[in-house]
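Read off the chains here:
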Amino acid sequence: RRRVAVLISGRGSNMAALLAAAEDPAYPAEIALVLSNRAEAPGLAHAAARGVPTAVVESRAFKGDRAGFEAAMQAEIARHGAEIIALAGFMRVLTEGFVARWDGRMINIHPSLLPAFPGLDTHARALAAGVRLHGCTVHLVTAGVDEGPILAQAAVPVLPGDTEASLAARVLAEEHRLYPAALAWLAAGRVRLEGGRAVVDGAAGASGALL
Ligand code: GAR
């Protein structure tokens, strides 16, 4: 099983979905570390309660020193022998150097159907735009924020009367399904890059891009 570091900043519900999936011994990844840039992230307690190693590297302590912050994170990740990084609501932008070091081995989940709505406040922006479909995306992390090759997407309808909260909840349920599936593909060595796009070997449909 490939060893994975999950990086969080807050609630950690996607992290919890990955932990739950990895409890199955047949799952191709194990969670070697949950690392937070905030000591008060609620996800840390959830991970610790399940016996998963946790660490905190306070981004606040490294104000203006992104290289130092990332070096401290890298040390924790290496100490736990992680080979793959899964960003799960990790709200710091990573430098090109860190991204390059983890090229092809770091994934992120984003709460929109990329390339629509990169960045923050995706659900409010989807409502404001009047889109009829919204969703979530798992992608490989590259230097451009929310721009890496797409591994998987799940779509949900936007319904009349939706609020930011109701739409976020509908998307989040799909995130919890999508992220464990996409991490399993990467950990099992089923992800290839072809012309800058990700191809998932043996996945159903159009390279498993839609679950
Ligand atoms: C999730 O919706 C995730 O997609 C999003 O933050 C939330 C974290 O929730 N990520 C981003 O916006 C990344 N830019 P969680 O902590 O419960 O997984």
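The written sequence of each chain sets the order in which its residues are numbered from 1. Since the coordinates come from a predicted model, pLDDT governs what is reported: local features require at least 70, and pairs of side-chain atoms require 80 or more to be given and counted, while whole-chain, interface and lining totals use all residues. The basis for every side-chain value is the complete set of heavy atoms in the structure, and neither hydrogens nor water enter the calculation.

**Q** Residue-level account of the UniProt feature "domain: Formyl transferase N-terminal" (unreviewed entry) in the protein, with values.
**A** The positions that UniProt labels "domain: Formyl transferase N-terminal" (unreviewed entry) are, in the present scheme, residues 3–183. Secondary structure elements follow DSSP: runs of H or I no shorter than four residues count as helices, runs of E no shorter than two count as strands, and numbering proceeds from the N terminus. Counted over residues 3–183, helix gives 36% and strand 23%. Its end C-alpha atoms are 11 Å apart. UniProt positions are given in the numbering used here, feature names are shortened, and annotations may be inferred rather than shown by experiment.

**Q** Go over the pairing of strand S4 (residues 84–87) with me, naming the residues and quoting the values.
**A** Only protein chains enter the area calculation, which uses a 1.4 Å probe; residues under 20% of their type maximum are buried, those over 50% are exposed, and those in between are partly exposed. Here S4 shows no split at all, with Ile84 and Ala86 on one side and Ile85 and Leu87 on the other all buried. At least two bridges found by DSSP between two strands is the condition for calling them paired. Sheet topology places strand S1 (residues 2–8) next to S4; 4 bridges connect them, and they run parallel. Looking at S4, one finds that valine 4 is bridged to isoleucine 84. Relative to strand S5 (residues 106–110), S4 runs parallel, the two being bridged by 3 bridges.

**Q** Give me the site of the ligand: which residues, what numbers.
**A** Residues are labelled near a given molecule or strand when at least one of their non-hydrogen atoms is within 4 Å of it. Taken together, the neighbourhood of the ligand is formed by Arg11, Gly12, Ser13, Asn14, Gly89, Met91, Ile109, Pro111, Leu172 and Glu175. One of the side-chain N or O atoms of serine 13 is found 2.5 Å from an oxygen atom in the ligand. Taking asparagine 14, its main chain carries an N or O atom lying 2.9 Å from an oxygen atom of the ligand. Computed on the free molecule, the ligand has an accessible area of 450 Å², of which 86% lies beneath the protein chains in the complex. Across the shell around the ligand, the residue classes break down as 4 nonpolar, 4 polar and 2 charged. In protein, a polar contact requires one atom able to donate a hydrogen and another able to accept it; more generally it is a pair of N or O atoms within 3.5 Å, and residues adjacent in sequence count only if both atoms are side-chain atoms. Only the protein chains shown count as covering a residue, and every accessible area follows the Shrake-Rupley method with a 1.4 Å probe. As a working rule, the residues Ala, Val, Leu, Ile, Met, Phe, Trp, Tyr, Cys and Pro are called nonpolar, Asp, Glu, Lys and Arg charged, and the rest polar, with Gly in that last group.

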